[in-house]
Amino acid sequence: AIAISAQGTVNLLSSLPIISGALSIEGPGAHLLRIDGQQQFRIFDVAAVPVAMSHLTIQHGALSGPSENGAGIRSTGDLTLTNVDVLSNTVLNNGAGVYVNGDLQLSNGQLRNNHAATGVGGALSAYGNITISGTHFLNNSSRNDGGAASLLGDVTINGARFEDNACTATLCDGGALFSFSTTRISDSQFLRNVSQDHGGAISAPGTLTITCLLYTS
């Protein structure tokens with residue numbers, strides 16, 4: 001495990017090495033430590049290993065390749081994020097903030113101002129067993145499905161807030177959330193999200209169970 005006590009903004013001058021072994025990274029607080037890609041680099045690239053991150057901010061990652069995913073974090077293993085803010089990342093393809101091909105546990109924190117220019121999941125694109133609790137998705141956008149999040153797998157969302165997210169293509173679905181498979185949503189808010197086709201807030205072609213949802217257009 002790596003515990004970081006330093007505070008401030010770390011501006012990357014090159015890409016970080018790929019994380020190839022199981023690892024836990026704990027910062028001093030999302031408002032105290034920011035890892036900044038300076039609109040030039042991916043922040044974290046994770047191989048097929050379990051990684052946990054907490055109490056830091058990942059911001060301004062950017063990728064220009066047409067098939068690139070995950071400018072903030074790209075992970076092909078299981079990923080746990082706790083009190084992590086993911087801000088202002090951009091890609092052409094999928095999951096500008098976070099792209100996960102593995103199980104995901106996302107607790108608290110915010111994913112804000114992330115943009116997938118041609119793909120899906122402006123803030124988050126994930127494939128696996130996905131649990132989201134207490135996270136705020138704000139002002140994210142994608143061209144295709146899932147302005148904030150595009151999820152494929154068994155999905156549980158509790159106490160989340162999706163606000164002012166959008167997908168922009170003519171036939172895009174799920175202005176906030178596109179979730180394909182089994183989806184359970186409880187005690188969550190969907191406010192002012194927009195799609196151009198189905199589901200201004202939520203598009204869930206599989207099985208959807210909702211308990212206590214606040215929705216406004």
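Treat the numbers as computed from the prediction; the structure is a model and nothing was measured.

1. A short note on the overall build of the protein chain
Here comes step 1: Helix and strand counts for the protein chain come out as 0 helices and 23 strands.
Here comes step 2: What you see for the protein chain is a C-alpha radius of gyration of 16 Å, in line with the 17 Å of a compact globule of 217 residues.
Here comes step 3: Overall size of the protein chain, expressed as C-alpha extent along the three principal axes, is 45 × 30 × 30 Å.
Here comes step 4: Of all intrachain contacts in the protein chain linking residues separated by at least 6 positions in sequence, the fraction that spans at least 24 positions is 77%.
Here comes step 5: Counting only carbon and sulfur atoms, one obtains 51% of the accessible surface of the protein chain, whose full area is about 8,700 Å².

2. Here we look at unusual backbone geometry
Here comes step 1: Not every positive phi belongs to a glycine, and Q38 is a case in point at roughly 55°.
Here comes step 2: Mapped onto the elements, Q38 comes out in the loop between β4 (33-36) and β5 (44-46).
Here comes step 3: The phi dihedral of N139 falls on the positive side, at around 60°, and the residue is not glycine.

3. Looking at the sheet that holds strand β13 (residues 115-116)
Here comes step 1: Reading across from one edge, β9-β13-β17-β20 is the order of the 4 strands in this open sheet, with parallel pairing throughout. Pairing within the sheet leaves two strands with one partner each, and these edge strands are β9 (90-91) and β20 (166-167).
Here comes step 2: The sheet contact formed by strand β17 (residues 141-142) and β20 spans 2 bridges and is parallel. Residue S142 lies in a different strand from β20, and its bridge partner there is C167.

4. Describing the pairing of strand β15 (residues 130-133)
Looking along a regular strand, one sees side chains alternate from face to face of the sheet.
Here comes step 1: Burial along β15 is one-sided: the residues I130 and I132 are buried and none of T131 and S133 is.
Here comes step 2: Pairing of strand β11 (residues 104-107) with β15 involves 4 bridges; the strand directions are parallel. Across the sheet, the residue bridging to L106 is I132, located in β15.
Here comes step 3: Bridge count for β15 against strand β18 (residues 149-158) is 4 bridges, and the pairing is parallel. Within β18, the residue paired with T131 across the bridge is T156.

5. What about the state of the cysteines?
Here comes step 1: All chains considered together, the criterion is met by 1 disulfide.
Here comes step 2: Covalently, C167 is tied to C172 through a disulfide, its sulfur atoms 2.2 Å apart. Measuring handedness by torsion sign, the sulfur bridge of C167 and C172 sits at about 80° and is right-handed.
Here comes step 3: Of the residues examined, C167 reaches a relative accessible area of 0% and is grouped as buried.
Here comes step 4: Judged by its relative accessible area of 1%, C172 falls in the buried class.

Parameters at a glance
Residues numbered from 1 in each chain as written. Predicted model: local features only at pLDDT ≥ 70, side-chain atom pairs only at ≥ 80, totals over all residues. Heavy atoms only, no water. Helix = DSSP H or I, 4+ residues; strand = E, 2+ residues; numbered from the N terminus. Rg over C-alpha atoms; globule rule 2.2 N^0.38 Å. Contact = heavy atoms within 4.5 Å. Areas by Shrake-Rupley, 256 points an atom, 1.4 Å probe, with all protein chains shown as cover. Pairing = 2+ DSSP bridges. Buried < 20%, exposed > 50% of the residue type's maximum accessible area, 1.4 Å probe, protein only. Disulfide = S-S within 2.5 Å.

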